[in-house]
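# Geometric and topological summary
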Amino acid sequence: MQEQLKSMEAEALAALEAVESLDALEEWRTTYLGRRGRLSQVLRGLGALPVEERPAAGQAANEVKARLDAAYEARRAALERGAKEQAFRAERVDVTLPGRPPSLGRLHIATQTLREIYAIFGQMGFEVYEAPEVESDELNFQALNIPPHHPARDMWSTFYTDREGVVLRTHTSPGQMRLMRERCPAGIRAIVPGKVYRYEQVSARYEFQLHQVEGLAVGRNIHMSDLKGVLVAFAQQMFQGTRRWRFRGSYFPFTEPSFEMDIACVLCGGGGCRVCKYSGWVEILGAGMVHPVVLQNGGYDPAAYSGFAFGMGSERITMLKYGIDDIRLFFGNDPRFLAQFG
Ligand code: DAH
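In short, a report on the structure. (Residues numbered from 1 in each chain as written. Predicted model: local features only at pLDDT ≥ 70, side-chain atom pairs only at ≥ 80, totals over all residues. Heavy atoms only, no water.)

## Here's the deal with the nonpolar core
Counting residues in each nonpolar core, the largest one holds 33 residues, and the members touching the most others are Phe-121, Phe-234, Ile-284, Phe-308, Phe-310 and Met-312. Listing elements by their share of this core, those giving two or more residues are helix H5 (109-123), strand S5 (209-219), helix H8 (224-238), strand S7 (255-264), strand S8 (281-290), strand S9 (306-313) and helix H10 (314-322). Examining the composition of this core, we find that seven residues originate from one element, H8, more than from any other. Setting aside its immediate chain neighbours within four residues, Phe-310 contacts Phe-121, Phe-126, Ile-191, Val-213, Glu-214, Gly-215, Leu-227, Val-230, Leu-231, Gly-286 and Ala-287. (Core = buried A, V, L, I, M, F, W, Y, C linked by side-chain atoms within 4.5 Å. Buried < 20%, exposed > 50% of the residue type's maximum accessible area, 1.4 Å probe, protein only. Helix = DSSP H or I, 4+ residues; strand = E, 2+ residues; numbered from the N terminus. Contact = heavy atoms within 4.5 Å.)

Spelled out as structure tokens, the structure:
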């Protein structure tokens, strides 16, 4: 029996050497160590031995079993390690490859311009005041000295809503009225930026949505010269290098007197080009001294208080500054356009 055990052990160990996979190892275990395996078969002969030989044979069999168990465990550990290493090799990541940078995006050019405008007026002590885009007819028009059915309403193509007396604001000027009614009798120095809506046929020159920046100063002894100084300081910072400007008499129902400000065309320098329609001048904003009726509607006594106001379209400012010839680009969402700024 000892002989049998020895040769079985040698055979088992040799077979184990050839085992190359965990599946084959399991098969090997069944063959040699399983309940009906080779070792069990040998042990079954134990009962046939003379009684005095049984203990030695039994002990030898236990020793063989212990060695085969140990060999099995060692092989299993080696195979598992190998499998892991192979997996690591197969899934290896080259950490020296350059990364893929995430694209960070940028502020829309309309936002960039608005922020530039805030900064310039901020230096001159103007606060930023926000007012709603859905507005009452009263504040968008009537309180600003534009009565119902007055021809001056034709200056704005208006989106009326199916709610009586509610419009999409056509300009940021109703912000003036909100400011005055909120602050009276305190002094005011504020800009009101935001989106406005116009019932327009969209084209290279007209959009149905755009941004405006309103300006308002109210106090005692505010004069036209203050307004001019503020506007010139603004234009010189916004359009660096601007040396020439002019104020041209105009009409707005909420200011008296009213004017528009032109600067020498930023593209041709005043020589004449397509952008300035060969006049050498481009209009950048409307302005004036706050009409007494408007001051009164805001709660201020026009005999004691005065004010100035102005309003500009910020897309227009951006277009002039960069020579953009189609206003639809601002809401077109074309990254080829947007990526050119910032
Ligand atoms: N609200 C005018 C517009 O939409 C712009 C404007 C002109 C605003 C003169 C003003 C101003 O405050 O004084 O066309």
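Here the narrative resumes, following the displayed structure.
## Quick look at the pairing of S9
Consecutive residues of a regular strand have side chains that alternate between opposite faces of the sheet. For S9, a buried count of seven out of eight residues is recorded, marking the element as mostly surrounded by other parts of the structure. Of the strand pairs in this sheet, S5 and S9 are connected by eight bridges, and their pairing is antiparallel. Of the residues in S9, the one forming a bridge with Leu-216 is Ala-309. As paired elements, S8 and S9 share four bridges and run antiparallel to each other. Note on S9: the bridge partner recorded for Gly-286 is Gly-311. (Pairing = 2+ DSSP bridges.)

## Considering the sheet that holds strand S4 (residues 188-197)
Pairing between sheet strands relies on hydrogen bonds along the backbone, with the strands arranged either parallel or antiparallel. One open sheet holds the seven strands; their spatial order is S1-S4-S5-S9-S8-S7-S6, and the pairing between them is mixed. For this open sheet the edge positions go to strand S1 (127-128) and strand S6 (245-250), each flanked by a neighbour on one side alone. Pairing between S1 and S4: two bridges, direction parallel. Within the sheet, the bridge partner assigned to Val-128 lies in S4 and is Ile-191.

## A short note on the site of the ligand
Inspection of the region around the ligand gives 16 residues, with His-171, Ser-173, Gln-176, Arg-198 and Glu-214 positioned closest. A distance of 3.2 Å is found between an oxygen atom of the ligand and a backbone nitrogen or oxygen belonging to Ala-309. Here Phe-310 contributes a backbone N or O atom positioned 3.2 Å from an oxygen atom of the ligand. Protein burial of the ligand: of its 360 Å² of free accessible surface, 91% is covered by the chains. Sorting the residues of the shell around the ligand by element identifies S5, S8 and S9 as the ones contributing at least two each. Residue composition of the shell around the ligand, grouped by class: six nonpolar, eight polar and two charged. (Near = heavy atom within 4 Å. Polar contact = N/O pair within 3.5 Å; in protein donor to acceptor, adjacent residues only side chain to side chain. Areas by Shrake-Rupley, 256 points an atom, 1.4 Å probe, with all protein chains shown as cover. Nonpolar A, V, L, I, M, F, W, Y, C, P; charged D, E, K, R; others polar.)

Function cannot be read off these values alone, since they describe shape.
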